[in-house]
Amino acid sequence: MSLRDLAVLYLIAGLACAVAVYRAARAAGDGARRGAALSAALCVPLWPIWAPVALTASRGEPGPGGSPGTAAAAARVQGALREGVSACAGTSFEALLSREAASRIEAEVTRAAARHAELDALLRQSGFDEAAAAARVAEIERGGAPGRTLATAHLHLENIRRLRAMRDRDARALEELADLVQALRTQLVLARFAGSSVEGVGGIVSEVWARVEGLGAAIDAHGGAGYEEPIET
């Protein structure tokens, strides 16, 4: 089978997935027509990554990459990295974004998306409802319960808020990294065709690595700092 045949098969599979995603999104009321169309359009070039995420989200279940927005950010990083590697292959820019480097970045993004998914699923549980925890604190304060009981309720609320902050920080970091990697991809393509210097690309590559290292450091720093169970009174 030739490369052209494989490309045609890939395109057919992408179109089939796009139709399935579009129908599932519309049936689930997953946003307006535009949102369903955008999700379907992403499926055509990225169906191996995006189709499972979109179909899972349409069923109202958290996907493997967390919320749909975070999963989309991870997919954007992966797609842009692959295009960037292809753009600089065989050029003087290849050392800046090799396949090995792209694989390392993808691994950190996957790890961050997995942690976000875990935190997101945790915070959907009834025991991690911030509003309910805040209401419990207010109730204890009004009832004049012992200080130890109030301290325990405050600890529970603070833990939930910390977990939410970690989840939201991961989501923002992935979105920002996705934007940066897409900018790197376009700069590599421009450099390839316009003959720009390696120095012109080096700065954005350094920024990408700084963001990736920041993701990894955040995960490692908080890897063992999970939720603290309230003390029973």
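Residues numbered from 1 in each chain as written. Predicted model: local features only at pLDDT ≥ 70, side-chain atom pairs only at ≥ 80, totals over all residues. Heavy atoms only, no water.

**Q** If you had to explain the overall build of the protein to someone new, which residues and values would you point to?
**A** Of the regular secondary structure elements, the protein holds 7 helices and 0 strands. Tracing the protein from N to C terminus, the helices and strands come up as α-α-α-α-α-α-α. For the protein, buried positions account for 36% of its 233 residues. In the protein, of all internal contacts separated by at least 6 residues, the share reaching a separation of at least 24 is 75%. Carbon together with sulfur atoms contributes 57% to the accessible area of the protein, which is approximately 12,800 Å² in total. (Helix = DSSP H or I, 4+ residues; strand = E, 2+ residues; numbered from the N terminus. Buried < 20%, exposed > 50% of the residue type's maximum accessible area, 1.4 Å probe, protein only. Contact = heavy atoms within 4.5 Å. Areas by Shrake-Rupley, 256 points an atom, 1.4 Å probe, with all protein chains shown as cover.)

**Q** Report on the environment of E207, specifying residues and quantitative values.
**A** In this structure, E207 sits in helix α7 (residues 199-222). Owing to a relative accessible area of 32%, E207 belongs among the partly exposed residues under this scheme. The sequence separation of E207 and L180 amounts to 27 residues, and the corresponding C-alpha distance is 8.1 Å.

**Q** Requested: an account of helix α5 (residues 130-143), with residues and values cited.
**A** The terminal C-alpha atoms of α5 lie 20 Å apart, and with 14 residues this matches the ideal 20 Å at 1.5 Å per residue to within 8%. For α5, the full list of buried residues reads A133, V137 and I140. One side of α5 carries all its buried residues, which in axial view fall inside an arc of 65°. When the buried face of α5 is taken as reference, the exposed residues oriented beyond 90 degrees from it are A131, R142 and G143. Elements that come into contact with the buried residues of α5 comprise α6 (147-194). At the N-terminal boundary of α5, the capping side chain belongs to D129, with an oxygen 2.9 Å from the backbone nitrogen of A131. Positive phi shows up at G144, right after α5, with a value of about 65°. (Expected span 1.5 Å × (residues − 1). Arc of directions from axis to C-beta. Polar contact = N/O pair within 3.5 Å; in protein donor to acceptor, adjacent residues only side chain to side chain.)

**Q** Just give me the short version of the packing of α5 against α6, but keep the residues and values in it.
**A** Direction vectors running N to C along α5 and α6 enclose 160°, while the axes themselves pass 9 Å from each other. Comparing the axis directions of α5 and α6 gives the class roughly antiparallel. α5 and α6 meet at a crossing whose hand is left-handed. Every residue of α6 that contacts α5 at E130, A133, A134, V137, I140 and E141 is listed here: T149, L150, A153, H154, H156, L157, I160, R161 and R164. (Axes fitted to C-alpha atoms, helices over the stretch in contact; angles between N-to-C directions. Parallel < 35°, antiparallel > 145°, perpendicular 65-115°, else oblique. Left-handed = near helix turned anticlockwise from the far one by under 90°.)

**Q** Quick one: what's the story with the packing of helix α4 (residues 99-123) against α6, residue by residue and with numbers?
**A** Where α4 meets α6, the axes come as close as 9 Å, and the angle between the chain directions of the two elements is 145°. Between α4 and α6 lies a crossing whose hand is left-handed. The segment α4 lies against α6, with V109, A112, A113, R115, H116, L119, D120, L122 and L123 engaging I160, L163, R164, M166, R167, D170, A171, L174 and L177. Here the contact of α4 with α6 is composed, by residue class, of 12 nonpolar, 1 polar and 5 charged. (Nonpolar A, V, L, I, M, F, W, Y, C, P; charged D, E, K, R; others polar.)

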